[in-house]
Amino acid sequence: DYRCDVLSVERVSATLEVAASLDLRTGESVFHSLCIHREDGLPVQLEDRYVNPACSPGYLQADFSRTTPTQVLFETTALWRAQYSIEAEPATDTEARLLAIPPGSACLVVTRRTFTRDATITLARLVHPGQRFSLHGEFQP
């Protein structure tokens, strides 16, 4: 049983870090969403996402009770490539509260930027409780 609880969707001014990640100027308007993804009622991901408004102008109007931010972006942008990092980090107090885990608990944090051929679409920080998440994959040249 999967559910995405949207905590906020808003227009904000880009901080220095967000602006640099989205190749915009500090203070420019960007979209921000904060969501908790749940499986069987348990939080499995905290999604903290910034979106370049030029790439998905209707993002703020999306009905996130019926779809996820990722799905909206797949449907409204020309995704060309993604760049990501994966790190182990302790949960901050806020992350711990939202993910229902003790502060300082081990988390797997995926930071991802996505791009069109001409612009940066999004910067997402995806925090997963270590005890509720595993990463599997396969590669074949």
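Look up a bit, the structure's there.
In this text the structure is predicted, and so the values were computed from the model without any measurement.

### Focus on the overall build of the chain
At step 1: The secondary structure content of the chain amounts to three helices and six strands.
At step 2: For 141 residues, the compact-globule estimate of 2.2 N^0.38 gives 14 Å, and the chain sits close to it at 15 Å.
At step 3: Across its three principal axes, the chain shows a C-alpha extent of roughly 40 × 40 × 30 Å.
At step 4: Here the chain, with 141 residues, has 41% of them falling under the buried criterion.

### Examining the sheet that holds strand β1 (residues 2–13)
At step 1: One open sheet accounts for six strands, arranged β1-β2-β3-β6-β5-β4; its pairing is antiparallel. With partners counted over all chains shown, the strands left at the sheet margins are β1 and β4 (81–90), one partner each. Strand-to-strand, the axes of this sheet are offset by a mean angle of 15°, without reference to chain direction.
At step 2: Bridge count for strand β3 (residues 42–51) against strand β6 (residues 120–129) is six bridges, and the pairing is antiparallel.

### Focus on the layout of surface pockets
Rolling a probe over the atoms, with the probe sized like a water molecule, indicates the empty space that remains.
At step 1: The calculated volume of the largest pocket comes to roughly 200 Å³.
At step 2: Together, T15, E17, V18, S21, D48, Y50, T111, L123, A124 and R125 line the largest pocket.
At step 3: Sorting the residues of the lining of the largest pocket by element identifies α1 (16–22), β3 and β6 as the ones contributing at least two each.
At step 4: Its residues assigned to classes, the lining of the largest pocket shows four nonpolar, three polar and three charged.

### Describing the pattern of salt bridges
At step 1: Here the structure, examined in full by the defined rule, presents six salt bridges.
At step 2: Residue D5 pairs with R3 through a salt bridge whose shortest N-O separation is 2.7 Å.
At step 3: Among the ionic pairs, E28 bridges to R25, the shortest N-O distance being 3.8 Å.
At step 4: Judged by its relative accessible area of 60%, R25 falls in the exposed class.

### Let's talk about the environment of V109
At step 1: The residue V109 is located in strand β5 (residues 106–115) in this model.
At step 2: Given the relative accessible area of 1%, V109 is considered buried.
At step 3: Remark: the alpha-carbon pair of V109 and G27, spanning 82 residues in sequence, is separated by 26 Å.
At step 4: Ignoring any residue separated from it by four or fewer positions in sequence, one finds V109 in contact with S85, I86, E87, E89, R125, L126 and V127.

### Brief notes about the side chain of R38
At step 1: Residue placement: R38 occurs in strand β2 (residues 29–39).
At step 2: Relative accessible area serves as the criterion here: at 19%, R38 is assigned to the buried category.
At step 3: Here D5 takes part through its side chain, which lies 2.5 Å from a polar atom of the side chain of R38.
At step 4: Among the polar contacts listed, one links the side chain of R38 to the backbone oxygen of G41, at a separation of 3.3 Å.
At step 5: In contact with R38, other than residues within four places in its own chain, are D1, Y2, R3, D5, P43 and V44.

### Some words on the pairing of β3
At step 1: Counting buried positions over the ten residues of β3 gives eight, a clear majority of the element.
At step 2: Of the pairings in the sheet, the one linking β2 to β3 comprises nine bridges and is antiparallel in character. By the bridge assignment for β3, H32 is matched with Y50.

Conventions and cut-offs
Residues numbered from 1 in each chain as written. Predicted model: local features only at pLDDT ≥ 70, side-chain atom pairs only at ≥ 80, totals over all residues. Heavy atoms only, no water. Helix = DSSP H or I, 4+ residues; strand = E, 2+ residues; numbered from the N terminus. Rg over C-alpha atoms; globule rule 2.2 N^0.38 Å. Buried < 20%, exposed > 50% of the residue type's maximum accessible area, 1.4 Å probe, protein only. Pairing = 2+ DSSP bridges. Axes fitted to C-alpha atoms, helices over the stretch in contact; angles between N-to-C directions. 1 Å grid on protein atoms, 1.4 Å probe; cavity = no way out; pocket = protein on both sides within 12 Å on 5 of 7 lines; lining within 4 Å. Points joined across faces, edges and corners; volume = space filled by probe spheres on them. Nonpolar A, V, L, I, M, F, W, Y, C, P; charged D, E, K, R; others polar. Salt bridge = Lys/Arg side-chain N within 4 Å of Asp/Glu carboxyl O. Contact = heavy atoms within 4.5 Å. Polar contact = N/O pair within 3.5 Å; in protein donor to acceptor, adjacent residues only side chain to side chain.

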